[in-house]
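# Chain and residue survey
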Amino acid sequence: MTQRTRVAVLISGRGSNLEALIGAARDPACPFEIALALSNKPEAGGLATARAAGIDAVAVDQRDFPKDREGHERAIDAALRAAKIEVVALAGYMRILTPVLVEAWAGRMLNIHPSLLPLYPGLDTHGRALAAGDGEAGCSVHLVTVGVDEGPLLGQARVPILPGDDEAALAERVLAAEHQLYPAVLADFCRALK
Ligand code: GRF
């Protein structure tokens with residue numbers, strides 16, 4: 001088998017999408033391996049999940065770079081390159097990126113967003129979908145560009161919005177779809193790279 005694509009997953013918290021990607025990569029036929037988990041917050045729960053799975057996990061603490069977003073991103077970029085990363089997957093990375101990192105990884109950085117983009121970029125996606133009276137919601141995987149949640153779409157999954165749904169119920173349904181969508185889209189993306 002050809003070399004698997006070395007993927008880094010960038011997180012800020014829980015890391016359930018990271019966990020789904022780690023799980024998918026256990027399949028020997030998966031075209032990617034999760035080579036690094038990286039967080040801007042040392043307390044992110046996903047770092048422990050990665051370590052428990054035997055995956056290198058590092059924090060590049062944003063508090064070590066006060067008022068210096070670009071310096072923080074240069075440090076992240078250095079960690080990615082030291083780990084020989086080929087593709088970066090943002091998964092709940094809750095900090096808006098500057099062109100420093102976006103341009104360094106243009107065409108090789110993906111993000112997952114919990115809405116059917118271009119609907120509801122940014123935060124509070126489920127609250128806004130419910131308030132609009134939408135009949136369906138979903139999630140999107142897209143390439144990262146400088147505009148927040150604006151890059152070209154690589155894949156989407158749809159779920160129904162059911163009577164009586166609140167934000168928590170909808171978020172749980174969408175998250176389950178995220179855990180299916182992200183590994184599938186990342187696998188297609190990595191196959192197309194080779
Ligand atoms: C997910 O809903 C993802 O779409 C959004 O942030 C959440 C991260 O959840 N960008 P987790 O950390 O992967 O559990």
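Calculation notes
Residues numbered from 1 in each chain as written. Predicted model: local features only at pLDDT ≥ 70, side-chain atom pairs only at ≥ 80, totals over all residues. Heavy atoms only, no water. Disulfide = S-S within 2.5 Å. Buried < 20%, exposed > 50% of the residue type's maximum accessible area, 1.4 Å probe, protein only. Core = buried A, V, L, I, M, F, W, Y, C linked by side-chain atoms within 4.5 Å. Helix = DSSP H or I, 4+ residues; strand = E, 2+ residues; numbered from the N terminus. Pairing = 2+ DSSP bridges. Axes fitted to C-alpha atoms, helices over the stretch in contact; angles between N-to-C directions. Contact = heavy atoms within 4.5 Å. Polar contact = N/O pair within 3.5 Å; in protein donor to acceptor, adjacent residues only side chain to side chain.

### A few points about the state of the cysteines
All chains considered together, the criterion is met by zero disulfides. Its sulfur unpaired, C190 is 7.6 Å from the next cysteine sulfur, which belongs to C30. When its relative accessible area of 0% is taken as the criterion, C190 is described as buried.

### Brief notes about the nonpolar core
The biggest cluster of nonpolar side chains holds 40 residues, and the ones touching the most others in it are V7, V9, F32 and I34. Considering each element in turn, this core owes the most residues, ten residues, to helix α6 (residues 167-193).

### Side note on the sheet that holds strand β5 (residues 109-113)
Backbone-to-backbone hydrogen bonds pair the strands of a sheet. The strands run either parallel or antiparallel. The strand order β3-β2-β1-β4-β5-β6-β7 describes an open sheet built from seven strands, whose pairing is mixed. With one partner strand each, in any of the chains shown, β3 (57-59) and β7 (153-160) form the two edges of the open sheet. Shown here is a sheet whose adjacent strand axes are inclined to one another by a mean of 20 degrees, direction ignored. In this sheet, strand β6 (residues 136-143) lies alongside β5 in antiparallel orientation, the contact comprising four bridges. Paired with L110 across the strands is L143, a residue of β6. Contacting β1 (5-11), β2 (32-39) and β4 (87-90), helix α3 (residues 69-82) crosses the sheet at an angle of about 150 degrees to β2. Here α6 sits on the sheet and contacts β1, β2, β4, β5, β6 and β7; the angle it forms with β7, its principal contact strand, is near 155 degrees.

### Concerning the environment of L153
With respect to the helices and strands, L153 occurs in strand β7. The exposure class of L153 is partly exposed, given its relative accessible area of 40%. A sequence separation of eleven residues divides L153 from H142, and the C-alpha atoms of the two residues are 4.2 Å apart. The residues touching L153, leaving out its near neighbours within four places in the chain, are L117, S140, V141 and H142.

### As for the environment of R173
Considering the arrangement of structural elements, one finds R173 in helix α6. Taking the relative accessible area as the measure of exposure, R173 reaches 22% and is therefore partly exposed. If we skip the residues at most four places from it in the chain, R173 touches V159, P160, I161, L162 and D165. Looking at R173, its side chain comes within polar contact range of the main-chain oxygen of P160, at 2.9 Å.

### Digging into the environment of R191
Take R191: it is sitting in helix α6. Measuring from C-alpha to C-alpha, the distance between R191 and A83 comes to 20 Å, with 108 residues separating the pair along the chain. Ignoring sequence-local partners within four residues, the contact set of R191 consists of A29 and P31. A polar contact of 3.2 Å, which involves the side chain of R191, links it to the side chain of D188.

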